[in-house]
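Descriptive analysis of the structure
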Amino acid sequence: MREFLTLAEIDQAVQAVRAKLTAQPTVGLVLGSGLGGLAERVENPVVIPYDAIPFWPQSTVPGHVGRLLCGSLFGAQVLVQQGRAHFYEGYSMAEVTLPVRVMKRLGIDTLILTNAAGAINPAYQPGEVMLITDHISLVGMTGFNPLRGPNLDEFGPRFPDMSQVYDRGLAELARTAAAGAGIRLHEGVYCGLSGPSFESPADLRFLRVIGADAVGMSTVPEAIVARHSGMRTLGLSGISNKANLDGNTLTTHEEVLEAGKMIVPKLETIIERVLRRLQVP
Ligand code: HPA
C-alpha cells in the first residue's frame, strides 16, 4: 500500500493508459457496485485491465469487474472505470483516487460518479436514483482526506474550496434528463463512510440527524480530488436498500447487487441524455 503517490508515479499510470488509447476521451465514468452493466453500451471499446496499469488499485469486491474501457458511449468519447477500489479494501486514499487523477492528466474534465447507496431519507425506495447535490465527508473529516500529504500543485491548491463539489450545470442536465424520461430523481446529500461493515441503527440515526439522505462507501474521495483539480462532477446514487434505523432488517451485499439491476436502466437513460446534451454546442 502506498500512502501517497507522486506526480511522476501518477504519470506512469497515465502513460500506460495513454499508450492503449485510440481516441481522446472527454468524459470519465465511474461505475459503482452492481452498476458495471452500463459499460456494455460502450462501442468498440479499448479494454485495459487494471493489472496492466502501474499503481492502479485492483477491485477485490464482487460486482466490480476491474477494467477500464475507452470508446464511444451515446456519441461521447468516454473512459469508463468498470469497478472501483475502496478504502475498506485496504487501499490508501491516494490509491483509491488515482483513477480520477489519471483521467485529469489524460485531459478529461467531466466526471460522472455513480454508486450504490443506502437510503436514510425515508422517502427513498430501493431501485430509485438520487442526484448528489452535496456530500458529507465523514472519513475525510476524521483524518482520511484524500488530499492529505504533499499537495500536488499541478492539480490544484493546498486548500481547495468545496462549496460546489457537484457541478450545477451537470446537475441541471441530469434533472432535465430524468424529467424527460419520466424517471423519479431524488436530490440529496450523500454521506461517505469507510465501511466495510454496514451501519448500526444508532449510526444511521446519527447520520439522519447530521443531514445525510443516502450513505455509501465511495464517491466522496473521488469527488474531492476531482474538485481539487477543477473537474466538473456529476454524482448519481442508485438507492439499493433502505437504511435499517430500527434494527429490524438486515442489509446484504447481495441485496445491493440485486437492486443494481433495477437501477442500471435508469442510470443509463439519464447518462445517455446528459452525454448527448453535452455534445450539443
Ligand atoms: N450502507 C453503506 N453503503 C451502502 C449501503 C448501505 O446501506 N447500501 C449500498 N452501499
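Summary of the structure given here. (Residues numbered from 1 in each chain as written. Predicted model: local features only at pLDDT ≥ 70, side-chain atom pairs only at ≥ 80, totals over all residues. Heavy atoms only, no water.)

Topic: the site of the ligand
The environment of the ligand is made up of Ala-116, Ala-117, Gly-118, Phe-198, Glu-199, Val-215, Gly-216, Met-217, Ser-240, Asn-241 and Val-256. Ala-116 is positioned with one of its backbone polar atoms (N or O) 3.3 Å from a nitrogen atom of the ligand. Asn-241 places a polar side-chain atom, nitrogen or oxygen, 2.7 Å from a nitrogen atom of the ligand. Alone, the ligand offers 260 Å² of accessible surface; in the complex the protein occludes 94% of this. The set of elements that each furnish at least two residues to the shell around the ligand consists of β5 (110-119), β8 (214-216) and β9 (232-242). For the shell around the ligand, the leading source of residues is β5, giving three residues. Residue composition of the shell around the ligand, by class: six nonpolar, four polar and one charged. (Near = heavy atom within 4 Å. Polar contact = N/O pair within 3.5 Å; in protein donor to acceptor, adjacent residues only side chain to side chain. Areas by Shrake-Rupley, 256 points an atom, 1.4 Å probe, with all protein chains shown as cover. Helix = DSSP H or I, 4+ residues; strand = E, 2+ residues; numbered from the N terminus. Nonpolar A, V, L, I, M, F, W, Y, C, P; charged D, E, K, R; others polar.)

Brief notes about a nonpolar patch on the surface
On the surface, a nonpolar cluster with roughly 300 Å² of combined accessible area is contributed by Phe-206, Val-209 and Ile-210. You can see Ile-210 is positioned in the loop between α6 (201-209) and β8. (Patch = residues over 30% accessible without salt bridge, like charges linked within 9 Å, V, L, I, M, F, W, Y side chains within 5 Å. Salt bridge = Lys/Arg side-chain N within 4 Å of Asp/Glu carboxyl O.)

Things to note about the side chain of Glu-268
Note on placement: Glu-268 falls in helix α8 (residues 253-278). A residue is classified by how much of its surface remains accessible, and Glu-268, at 15% relative accessible area, is buried. Discounting chain neighbours no more than four positions away, the residues touching Glu-268 are Leu-38, Arg-41 and Phe-74. (Buried < 20%, exposed > 50% of the residue type's maximum accessible area, 1.4 Å probe, protein only. Contact = heavy atoms within 4.5 Å.)

Re the environment of Pro-150
Note that Pro-150 resides in the loop between α4 (138-144) and α5 (168-181). Measuring from C-alpha to C-alpha, the distance between Pro-150 and Gly-195 comes to 26 Å, with 45 residues separating the pair along the chain. Not counting residues up to four positions away in its chain, the partners in contact with Pro-150 are Phe-4 and Arg-158.

Examining the nonpolar core
One finds Ile-10, Val-17, Ile-53, Leu-68, Leu-79, Val-102 and Leu-111 to be the most contacted residues of the largest nonpolar core, which totals 45 residues. Contributing elements (two or more residues each) for this core: α1 (7-18), β2 (43-49), β3 (67-73), α3 (98-105), β5, β6 (129-137) and α7 (220-228). The element that contributes the greatest number of residues to this core is α1, accounting for six residues. Leu-111 has contacts with Gly-28, Val-30, Val-100, Met-103, Ala-226, Met-231, Arg-232, Thr-233 and Leu-234, leaving out every residue within four places of it along the chain. One finds Val-27, Leu-131, Ala-259 and Leu-275 within the second-largest nonpolar core, a separate group that totals 33 residues. (Core = buried A, V, L, I, M, F, W, Y, C linked by side-chain atoms within 4.5 Å.)

Some thoughts on the pattern of salt bridges
One pass over the full model with this rule turns up eleven salt bridges. Glu-9 is paired through a salt bridge with Arg-2; the nearest N and O atoms lie 2.8 Å apart. On the basis of relative accessible area, Arg-2 is assigned to the partly exposed category, the value being 31%. One continuous salt-bridge network, built from bridges that share partners, spans Glu-172, Arg-175 and Glu-187.

Section: the pairing of β9
The side chains of a regular strand alternate, first on one face of the sheet and then on the other. In terms of burial, β9 is a largely internal element, nine of the eleven residues being buried. Sheet analysis places β6 next to β9, joined by three bridges and oriented antiparallel. Within the sheet, the bridge partner assigned to Val-129 lies in β9 and is Gly-238. (Pairing = 2+ DSSP bridges.)

Some words on the environment of Thr-97
Here Thr-97 shows up in the loop between α2 (93-96) and α3. Given the relative accessible area of 1%, Thr-97 is considered buried. Through-space distance from the C-alpha of Thr-97 to that of Leu-234 is 16 Å; in sequence the pair is 137 residues apart. Each residue touching Thr-97, except ones within four places of it in the same chain, is listed here: Pro-146, Pro-221, Glu-222 and Val-225. Looking at Thr-97, its side chain comes within polar contact range of the main-chain oxygen of Met-93, at 2.7 Å.

A short note on α8
If you look at α8, its biggest bend is around 40°, right at Met-262, and the proline Pro-265 turns up within four residues after that. Every buried residue of α8 is accounted for by Val-256, Ala-259, Gly-260, Ile-263, Val-264, Leu-267, Glu-268, Ile-270, Ile-271, Val-274 and Leu-275. (Bend = angle between axes of the 7 residues up to and from the residue.)

Some details on the environment of Ile-53
Residue position: Ile-53 is located in the loop between β2 and β3. For Ile-53, a relative accessible area of 4% gives the class buried. On a C-alpha basis, the gap between Ile-53 and Gln-82 in space is 14 Å, while along the polypeptide they are 29 residues apart.

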